[in-house]
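Architecture at a glance
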Amino acid sequence: MIAPLSPPPIHTHLTAYPSMPIQNPTRLRHVAVIGAGAGGLAAARELQREGHSVVVFERETILGGTWVYDPRTESDPLGSDPTRTIVHGSLYASLRTNLPREVMGFRDYPFVKSTRPGRDPRRYPGHKEVMEYLNDYASEFGLSELVRFETEVLEVGIVDGGKWKVKYGKNGEVDNEVYDAVVVCNGHYTEPRIADIPGIDAWPGKQIHSHNYRVPDPYHNQVVIMIGSAASAVDISRDVSRVAKEVHIASRSIKDGNSTKLPGHDNIWLHPMIENVREEGTVIFQDGNEVRASIILHCTGYKYHFPFLKTNNIVTVDDNRVGPLYKHIFPPALAPWLSFVGLPWKVVPFPLFEFQSKWIAGALSGKFSLPSSEEMMKDVENFYSSMEAAGIPKRYTHNLASYQYEYNDWLAAECKAAPSEEWRKEMYILSSKSKIIRPETYRDEWDDEHLIVQAHEDFQKNLKEAKNLIKG
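Below you will find a few notes about this structure. (Residues numbered from 1 in each chain as written. Predicted model: local features only at pLDDT ≥ 70, side-chain atom pairs only at ≥ 80, totals over all residues. Heavy atoms only, no water.)

Overview of the pairing of strand 2 (residues 53-57)
For the record, the criterion: Working definition: with a 1.4 Å probe on protein chains only, accessible area under 20% of the residue-type maximum means buried, over 50% means exposed, and in between means partly exposed. Here a helix means four or more residues in a row that DSSP labels H or I, a strand means two or more in a row labelled E, and each is numbered from the N terminus. Any two strands with at least two DSSP-identified bridges between them are counted as paired. Note on handedness: a clockwise path from strand one over the helix to strand two, with the strands aimed away from the viewer, defines a right-handed crossover.
For strand 2, the buried fraction is high: four of the five residues fall into the buried class. Of the strand pairs in this sheet, strand 1 (residues 30-34) and strand 2 are connected by five bridges, and their pairing is parallel. In the strand pairing of strand 2, His30 is matched with Ser53. On the question of chirality, the crossover connecting strand 1 to the parallel strand 2 by way of helix 2 (residues 38-50) is right-handed. Inspection of the sheet shows strand 2 paired to strand 3 (residues 147-148) by two bridges, in the parallel sense. Paired with Val56 across the strands is Val147, a residue of strand 3.

Remarks on the pairing of strand 14 (residues 274-277)
Pairing geometry for strand 14 and strand 15 (residues 282-285), over three bridges, is antiparallel. Bridging across to strand 15, Asn276 finds its partner in Ile284. Between the antiparallel neighbours strand 14 and strand 15 lie four residues, among them Gly281 with a positive phi of about 110 degrees.

Observations concerning the layout of surface pockets
Applied cut-off: The method works on a 1 Å grid over the protein atoms by themselves. A cavity is a set of points holding a 1.4 Å probe that cannot get out, a pocket is an open set with protein on both sides within 12 Å along at least five of seven lines, and residues with an atom within 4 Å of a point line them. Grid points are joined across faces, edges and corners, and a volume is the space filled by probe spheres set on the points. The nonpolar class holds Ala, Val, Leu, Ile, Met, Phe, Trp, Tyr, Cys and Pro. Asp, Glu, Lys and Arg form the charged class, and all remaining residues, Gly among them, are polar.
Of the voids in this model, the second largest pocket is the one considered here, and its volume is about 1,300 Å³. If you trace the second largest pocket, you find 34 residues lining it, with Asp108, Tyr109, Pro110, Asn462 and Ala466 closest to the centre. Broken down by element, the lining of the second largest pocket gets its largest block of residues, 11 residues, from helix 10 (residues 449-471). Class assignment for the residues of the lining of the second largest pocket results in 14 nonpolar, four polar and 16 charged.

Quick notes on the sheet that holds strand 19 (residues 309-310)
Ordered in space as 6-5-4-19, the four strands form an open sheet in which the pairing is mixed. Each end of this open sheet is capped by a strand with a single partner; those strands are strand 6 (173-179) and strand 19. As defined by bridge partners, strand 4 (residues 152-158) adjoins strand 5 (residues 164-170) across six bridges and the pair is classed as antiparallel. In the strand pairing of strand 5, Glu155 is matched with Lys167.

Some points on the sheet that holds strand 15
We apply this condition: The convention used is that axes are lines fitted to C-alpha atoms, helices contributing only their stretch in contact, and that angles between N-to-C directions extend from 0 to 180 degrees.
With respect to topology, three strands assemble into an open sheet ordered 14-15-16, the strand pairing being antiparallel. Both outer strands of the open sheet, strand 14 and strand 16 (290-292), are each paired with one neighbouring strand and no more. Here the strands of the sheet are splayed against their neighbours by 25 degrees on average, with no regard to which way each runs.

Here's the deal with the nonpolar core
Let me state the cut-off plainly: Think of a nonpolar core as a cluster: buried Ala, Val, Leu, Ile, Met, Phe, Trp, Tyr and Cys residues, connected wherever their side-chain atoms sit within 4.5 Å. Contacts between residues were defined by any pair of non-hydrogen atoms, one from each residue, lying within 4.5 Å.
Core analysis: the biggest nonpolar cluster contains 117 residues, and Phe340, Phe350 and Trp359 have the highest contact counts within it. The element contributing the most residues to this core is helix 6 (residues 349-365), with nine residues. Residues contacting Phe340, with those up to four places away along its chain left out, are Val184, Phe306, Leu309, Val315, Val322, Leu325, His328, Ile329, Pro331, Gln356 and Ile360. Within the second largest apolar cluster, 15 residues are counted, among which are Ala250, Val283, Val291 and Ala293.

Next up, the structure:
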């Protein structure tokens with residue numbers, strides 16, 4: 001992956017426009033939410049809190065979305081065959097969070113250690129603990145009762161009167177219903193992006209995308225090439241190296257110098273990107289180094305994919321830019337009746353989902369007003385122009401790496417809510433630095449105890465205020 005890019009100037013993207021009056025203020029709506037992952041649960045929570053009638057469509061048998069571990073893999077390990085048997089899960093068995101639980105949790109439902117038997121008390125827990133947390137969240141707020149499980153959305157489109165028809169399938173039968181609004185929360189970790197490698201069609205080895213990686217056992221004594229250097233690539237390379245003969249990581253972030261061995265590891269090497277591959281099995285890197293390998297593992301991310309969404313090309317996906325979207329949420333021509341939760345990446349997801357969902361819920365009821373469609377479109381165009389002027393590729397449209405908290409706080413201001421806590425921002429920065437300084441041990445070593453104390457003081461204060469509010 002390439003190094004983080006500077007964002008376009010914030011003032012062009014997070015500009016406030018005069019509000020457009022909404023007819024029938026505080027009117028409650030009938031809303032369809034697509035997906036019962038963390039984003040869909042946050043949307044359901046905020047919509048329900050605002051008083052809207054909510055139905056959540058979930059194709060799986062349980063909630064959790066990305067956080068559901070599925071040991072199965074797809075019939076096409078590369079994930080490029082459109083006729084493949086699709087498995088929606090992408091988790092690998094050894095996955096632990098790369099964020100501390102205090103930072104990661106929803107703002108109104110802290111991710112604290114559970115005293116229940118079998119729970120994972122670590123500050124950077126495994127994926128099973130995150131699933132338990134999401135189940136606790138859904139139970140606390142009665143969200144499971146809103147979910148229709150094993151119900152796949154087949155088509156979403158506009159009908160007369162500005163309503164939305166949702167066509168869905170369940171138990172082999174197809175039906176449809178009409179809603180005032182639709183919130184799309186189907187995630188973006190199912191449709192793999194694949195690296196373009198010259199000569200790959202004649203290369204005799206195997207290829208797999210990290211979407212289909214679960215355990216390292218199949219890589220025993222193999223020479224493995226991994227493409228990418230983001231969080232999943234870092235984790236999987238260490239996982240695979242325990243059984244593989246050699247692991248060679250090809251990364252865009254390695255630009256100068258020759259290939260080097262990863263410090264602290266005897267069988268992991270760092271390389272610049274792949275130049276080409278040859279039919280006898282050799283992989284050539286851009287610095288001229290060659291490796292004879294048997295497997296190429298693509299840790300190259302995912303595509304946004306909305307096969308069910310029919311908007312007459314009002315909303316499109318172009319080089320992984322979903323657009324046009326006002327603040328990554330509303331298509332100007334269809335706002336607030338169509339919205340998206342969870343498109344930004346390189347972010348702390350759960351709190352961001354809350355801010356986005358709160359804004360959507362209030363916009364639908366009329367509590368918060370949006371600019372006119374023309375003003376929203378102007379903002380989007382200015383944002384795209386600033387990206388282009390800064391030399392940022394279109395595929396990085398939803399990368400909020402260096403301004404996520406400005407984005408969250410802008411949303412908070414629109415919703416008249418408290419901004420992100422200072423301890424959360426500081427803790428995120430320190431944990432990010434720790435990852436770089438001690439990549440092998442940052443999950444179990446830290447030096448921000450003072451911020452942990454602040455976080456838990458905040459949690460207790462908020463809990464007390466919530467109890468007083470209920471009593472009142």
